[in-house]
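# Tertiary structure, described
Chain residues, written in single-letter form:
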Amino acid sequence: MSKSDASSERESVLACTDCLDPADAFALIGNETRLAILEALWLADDRPVAFSELRREVGMRDSAQFNYHLQKLLGQFVVQTEDGYDFKHAGEKVVRSVIAGSFNEHPTIDPFPVEGSCVACGGPLEACYRDERLAIGCRDCEHGHGEYGFPPGGLNNRTRDEVAAAFDQRVKHLHCLAADGVCPECSGRVESHVVEDDDCCLGATVRIDHECVQCGHTLCSAPGLRLLDHSQVVSFHRERGVSLDERPYWTLPWCVSDEYTTVVDRDPIRIRVRVPLEGDELRATLDEALTVLETTVESAD
């Protein structure tokens, strides 16, 4: 298939005949009654929910006025079936965002220690939460080991250690999705590019920039993060008694340091990531799309 044919096919798949302008979408849910309707749907024991039950849960006596607001949500946030009303994906996403605290909470927590030591100086690491982002950094030299969005709801009912563990799993999940070309925010198509400069989210000079072509969401990562779920890398660790699932990404030097990443070719781009463990070393070669082209293991023996 030619590039022009692929482009035409993509346009036909994404064609939208009844799309809502983002400003209009925000206007639709910028109303207390409509948000109450979405909340009532969320709290319902069973869905779909009948009109009368939904109105009773919202606490609105005027049936006509309630119906007016409900109709405004139909098609974009709510769907009507023979048995009542239910969420569309966008409506459920709005409620989940509120529950996550993205719209109505702005907590901060004092820095707290986390597992591992700084790849730059060997100093102690700590986590800091500000403006809905959690950052791992060195207490002594302030070298960064990753800073990413973490919804306020993720702090609820968790100890500090549990927050750190949840953040680790979230970061791994986000980067695996992005590296596979799927936007973690909207599921749109993500394009990835190798960038070489000193302005990196991890304090390294070689990074991968991911950007969604649909919603514009961006994510910065070290090349090594792409390897966390790769079968050869997982097996390499398992054979040596290490479970990568139980190791926070910031304790893996090849995920947060330049020392183990080398650009071996620029036309086309080829990156080599070295993964040392117990004297042995796995070497993975990736292209710019983060496809693993080759892995080899150099034994300490």
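Residues numbered from 1 in each chain as written. Predicted model: local features only at pLDDT ≥ 70, side-chain atom pairs only at ≥ 80, totals over all residues. Heavy atoms only, no water.

## Quick notes on the overall build of the protein chain
Across its full length, the protein chain holds 9 helices and 13 strands. Within the span of the protein chain, comprising 301 residues, buried residues form 38% of the whole. For the protein chain, contacts bridging at least 24 residues in sequence account for 43% of all contacts bridging at least 6. For the protein chain, the accessible surface area stands at approximately 16700 Å², while carbon and sulfur atoms represent 44% of it. (Helix = DSSP H or I, 4+ residues; strand = E, 2+ residues; numbered from the N terminus. Buried < 20%, exposed > 50% of the residue type's maximum accessible area, 1.4 Å probe, protein only. Contact = heavy atoms within 4.5 Å. Areas by Shrake-Rupley, 256 points an atom, 1.4 Å probe, with all protein chains shown as cover.)

## Describing the confidence of the model for the protein chain
In the predicted model, the protein chain carries a mean pLDDT of 84, and 84% of its residues have values of at least 70. With pLDDT under 50 throughout, residues 1-20 is counted as low confidence; its partners more than four residues away or in other chains account for 8 contacts. (pLDDT = per-residue confidence, 0-100.)

## Quick look at the environment of S257
The topology assignment puts S257 in the loop between α9 (253-256) and β10 (261-266). By relative accessible area, which is 14% here, S257 ends up buried. Taking the C-alpha atoms as reference, S257 lies 9.9 Å from G144; in sequence the two are 113 residues apart. Within the local environment of S257, its side chain forms a polar contact with the backbone nitrogen of E259, the two atoms lying 3.2 Å apart. (Polar contact = N/O pair within 3.5 Å; in protein donor to acceptor, adjacent residues only side chain to side chain.)

## Some words on the sheet that holds strand β9 (residues 218-221)
By way of backbone hydrogen bonds, the strands of a sheet pair with one another, either parallel or antiparallel. Ordered by their spatial adjacency, 3 strands build an open sheet running β7-β8-β9, and the pairing between neighbours is antiparallel. The strands lining the two open edges of the sheet, one partner per strand, are β7 (190-196) and β9. Each neighbouring strand pair of the sheet contributes to a mean axis angle of 20 degrees, computed without reference to strand direction. Here strand β8 (residues 206-212) runs beside β9; their pairing, made up of 4 bridges, is antiparallel. By the bridge assignment, E211 is partnered in β9 with T218. Against the sheet, helix α7 (residues 160-179) engages β7, β8 and β9, with an angle of about 105 degrees to β9. (Pairing = 2+ DSSP bridges. Axes fitted to C-alpha atoms, helices over the stretch in contact; angles between N-to-C directions.)

## What to know about the sheet that holds strand β11 (residues 269-277)
Reading across from one edge, β10-β11-β12-β13 is the order of the 4 strands in this open sheet, with antiparallel pairing throughout. Among the strands making up the open sheet, the edge pair consists of β10 and β13 (292-298). Across this sheet, the average inter-strand angle for adjacent strands is 20 degrees, counted without regard to direction.

## A few points about the environment of L74
With respect to the element layout, L74 can be found in the loop between α5 (63-73) and β1 (78-81). Linking L74 and Y85, residues 11 residues apart in sequence, is a C-alpha distance of 9.0 Å.

## Some remarks on the pattern of salt bridges
Taken as a whole and assessed by the stated rule, the structure comprises 13 salt bridges. Measuring nitrogen to oxygen at the nearest pair gives 2.9 Å for the salt bridge that ties D86 to R47. Of this pair, D86 sits in strand β2 (residues 84-87) while R47 is found in the loop between α3 (32-43) and α4 (51-58), placing the two residues 39 residues apart along the sequence. Residue classification places R47 among the partly exposed positions, given a relative accessible area of 34%. The salt bridge involving E196 is made with R266; its shortest N-O contact spans 2.8 Å. In this pair, E196 is assigned in strand β7 and R266 in strand β10, connecting sequence segments 70 residues apart. Relative accessible area serves as the criterion here: at 54%, R266 is assigned to the exposed category. Connected through salt bridges with shared partners, the residues D180, R226 and D229 form a single ionic network. (Salt bridge = Lys/Arg side-chain N within 4 Å of Asp/Glu carboxyl O.)

## Quick notes on the pairing of β2
Relative to β2, β1 is paired through 4 bridges, and the arrangement is antiparallel. Across the sheet, Q80 pairs through a bridge with Y85, a residue of β2. Taking the residues that link successive antiparallel strands as the turn, the β1-β2 hairpin has 2 residues.

## Considering the packing of α3 against α5
Two numbers describe how α3 lies on α5: the axes approach to 9 Å, and their chain directions differ by 70 degrees. One way to sum up the angle between α3 and α5 is to call them roughly perpendicular. Contacts between α3 and α5 involve T33, R34, I37 and L38 from the former and F66, Y68, H69, L70, K72 and L73 from the latter. Considered class by class, the residues forming the contact of α3 with α5 number 6 nonpolar, 2 polar and 2 charged. (Parallel < 35°, antiparallel > 145°, perpendicular 65-115°, else oblique. Nonpolar A, V, L, I, M, F, W, Y, C, P; charged D, E, K, R; others polar.)

## Observations regarding the packing of α4 against α5
In the contact formed by α4 and α5, the axes pass within 11 Å of each other and the chain directions differ by 100 degrees. Of the possible angle classes, the one that applies to α4 and α5 is roughly perpendicular. Residues F51, L54, R55 and V58 of α4 touch α5, and the partners they reach there are S63, F66, N67 and L70. For the contact of α4 with α5, the per-class residue count stands at 5 nonpolar, 2 polar and 1 charged.

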